[in-house]
Amino acid sequence: MLRNDFNALDYISSCALKSDREIKIAKLAVAMVYEDHEGISIDRYINHLEKMSSEVERRYKALIKAGSDDDAATRLAALKHVISDTHNYQPDSEHHEILEGADMIRIIDRGLGCSTALGVLYMDAAHRQGWDVEGLNFPSRFLCRIEHQGERLIFDPSSACRMMEAHNLRALVKQTLGDEAELSTEYLKGLGTRQTIVHLCNHIKHRRIEMGEYAQALSMVKRMRMLIPEEYRLLLDAGVLFARTDDAEQARLCLNEYIEKAPNHYDREDARMLLSELPE
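Residues numbered from 1 in each chain as written. Predicted model: local features only at pLDDT ≥ 70, side-chain atom pairs only at ≥ 80, totals over all residues. Heavy atoms only, no water.

Colleague: Pulling in residues and values, what's your account of the packing of aromatic side chains?
Modeller: Taken as a whole, this structure holds five aromatic pairs when the rule is applied. With 5.6 Å between their ring centres and 80° between their planes, Phe-6 and Tyr-34 make a pair best called edge-to-face. You can see Phe-6 sitting in the segment before helix H1 (8-16) and its partner Tyr-34 sitting in helix H2 (residues 25-34), a full 28 residues away along the chain. For the pair shown, Phe-6 and Tyr-34 are each scored as buried. (Phe/Tyr/Trp six-rings, centres within 6.5 Å; stacked < 30°, edge-to-face > 60°. Helix = DSSP H or I, 4+ residues; strand = E, 2+ residues; numbered from the N terminus. Buried < 20%, exposed > 50% of the residue type's maximum accessible area, 1.4 Å probe, protein only.)

Colleague: If you had to explain the sheet that holds strand S6 (residues 162-163) to someone new, which residues and values would you point to?
Modeller: One open sheet accounts for five strands, arranged S6-S5-S4-S3-S7; its pairing is antiparallel. The sheet is open, and its two edges are formed by S6 and strand S7 (190-191), each paired on a single side. Along the sheet face, helix H4 (residues 72-86) touches strand S4 (141-148), strand S5 (151-156) and S6 and points at about 130° away from the line of S4. (Pairing = 2+ DSSP bridges. Contact = heavy atoms within 4.5 Å. Axes fitted to C-alpha atoms, helices over the stretch in contact; angles between N-to-C directions.)

Colleague: Give me the confidence of the model for the protein: which residues, what numbers.
Modeller: Residue-level pLDDT values for the protein average 92, and 96% of them are 70 or greater. When mean pLDDT is compared element by element in the protein, H4 scores highest at 98, while helix H7 (residues 166-177) scores lowest at 80. (pLDDT = per-residue confidence, 0-100.)

Colleague: Please set out the pattern of salt bridges residue by residue, giving values where relevant.
Modeller: For the coordinates displayed, the defined rule picks out 21 salt bridges. The residue Arg-75 makes a salt bridge to Asp-70 at a minimum N-O spacing of 2.6 Å. Judged by relative accessible area, which is 9%, Arg-75 ranks as buried. A salt bridge links Glu-213 to Arg-208, with the nearest nitrogen and oxygen atoms 2.5 Å apart. We classify Arg-208 as buried; its relative accessible area is 12%. Each of Arg-44, Asp-92, Glu-100, Arg-106, Asp-109 and Arg-110 takes part in salt bridges that share partners, so that together they form one network. (Salt bridge = Lys/Arg side-chain N within 4 Å of Asp/Glu carboxyl O.)

Colleague: Tell me about the state of the cysteines, and please be specific about residues and values.
Modeller: All told, the structure shown has zero disulfides when counted by the stated rule. Unpaired in this structure, Cys-201 has its nearest cysteine sulfur neighbour in Cys-114, at a distance of 10 Å. Counting only cysteine sulfurs, Cys-201 is the nearest neighbor of Cys-254, a cysteine outside any disulfide, at a range of 18 Å. What makes Cys-254 buried here is its relative accessible area of 6%. (Disulfide = S-S within 2.5 Å.)

Colleague: Help me get a handle on the pairing of strand S3 (residues 132-138), residues and values and all.
Modeller: Pairing of S3 with S4, which is carried by seven bridges, proceeds in the antiparallel orientation. Opposite Val-133, over in S4, you have Ile-146 as the bridge partner. Taking the residues between adjacent antiparallel strands as the criterion, S3 and S4 are bridged by two residues, where Ser-140 takes a positive phi near 70°. Of the strand pairs in this sheet, S3 and S7 are connected by two bridges, and their pairing is antiparallel.

Colleague: Can you lay out the nonpolar core for me, pointing to particular residues and giving the numbers?
Modeller: Residues Leu-28 and Met-104 are the most contacted members of the largest nonpolar core, which totals 80 residues. Here the element with the most residues in this core is H2; it accounts for nine residues. Other than its neighbours up to four places away in sequence, Leu-28 contacts Tyr-11, Ile-12, Cys-15, Ile-23, Ile-197 and Leu-227. In this structure, Phe-138, Ile-154, Leu-172 and Val-173 belong to the second largest nonpolar core, which totals eight residues. (Core = buried A, V, L, I, M, F, W, Y, C linked by side-chain atoms within 4.5 Å.)

Colleague: Any details on the pairing of S5? Residues and values, ideally.
Modeller: Note on strand geometry: in a regular strand, side chains alternate between the two faces of the sheet. As paired elements, S4 and S5 share five bridges and run antiparallel to each other. The partner of Glu-147 across the bridge, within S5, is Arg-152. Between S4 and S5, which pair antiparallel in sequence order, lie two residues; one of them, Gln-149, sits at a positive phi of approximately 50°. Sheet topology places S5 next to S6; two bridges connect them, and they run antiparallel. Bridge pairing in S6 links Asp-156 to Arg-162. Linking S5 to S6, which pair antiparallel, is a turn of five residues; within it Ala-160 sits at a positive phi near 50°.

Colleague: Residue-level account of the side chain of His-48, with values.
Modeller: On the secondary structure map, His-48 appears in helix H3 (residues 43-65). In contact with His-48, other than residues within four places in its own chain, are His-87, Tyr-89 and Ile-108.

Colleague: Give a detailed account of the packing of helix H11 (residues 248-261) against helix H12 (residues 265-276), specifying residues and quantitative values.
Modeller: At a minimum axis separation of 9 Å, H11 and H12 run at an interaxial angle of 160°. By the criterion of interaxial angle, the relationship of H11 to H12 is roughly antiparallel. Viewed along their axes, H11 and H12 form a crossing whose handedness is left-handed. Of the residues in H12, those touching H11 at Arg-252, Leu-255, Asn-256, Tyr-258 and Ile-259 are Asp-267, Arg-268, Ala-271, Arg-272, Leu-274 and Leu-275. Partitioned by chemical class, the residues of the contact of H11 with H12 number six nonpolar, one polar and four charged. (Parallel < 35°, antiparallel > 145°, perpendicular 65-115°, else oblique. Left-handed = near helix turned anticlockwise from the far one by under 90°. Nonpolar A, V, L, I, M, F, W, Y, C, P; charged D, E, K, R; others polar.)

Now the structure itself:
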């Protein structure tokens, strides 16, 4: 079925009304950047995601038929075989900070992406099987956790599904935060579908701002607000970016709404300072 009439903004809005488990996470990641790729058809990207899901299902059934246990490790083996081994998705280690590493359309084109984006591909293929895989916002590295019947395995989607034991996690924390840092339960809290997509889109937003592409960054913030309209912190981002694109009226509206909703006194004061700097 052709999807040339796909409306990305309508799809994003529809996802705001769904539960996390109802959202196809990689399709949403494509929708979040679709407006930035004029003239392309979404068909290839959606078909590719569906193809990988079918391949994971076949590989899993083949492993079970060959005598593998029906457990989390077998599910992870099926995901690794398809996404890492067959389709050769790899981390974009040479250009970690480039915009393309978080743009799901370019990731599918190139087979390279940041750890969050690669995690999204694993989560998507798993969720389509009904498997429980979630992201973990670990310091400097997006990790994933797969769970089945009480068994939990943490793996690194940007390192060919390398299993991460407690000692690996501690070493990663110390490597990132310093020798005195310790493993915290905060680092092992799962991220929902929307949280993961926002994490990925924040990467794009920050890259756009660093590149001075304020209008494009604002466009991404608007899409993020469509997905999670209750997230008041995006109002501050929108206000700042409206100001940088010389739309003082919209900047003022966003900043005033942010001041109404921000629970922290210091955050509200920062927004008031920004308001005072806007031209009349």
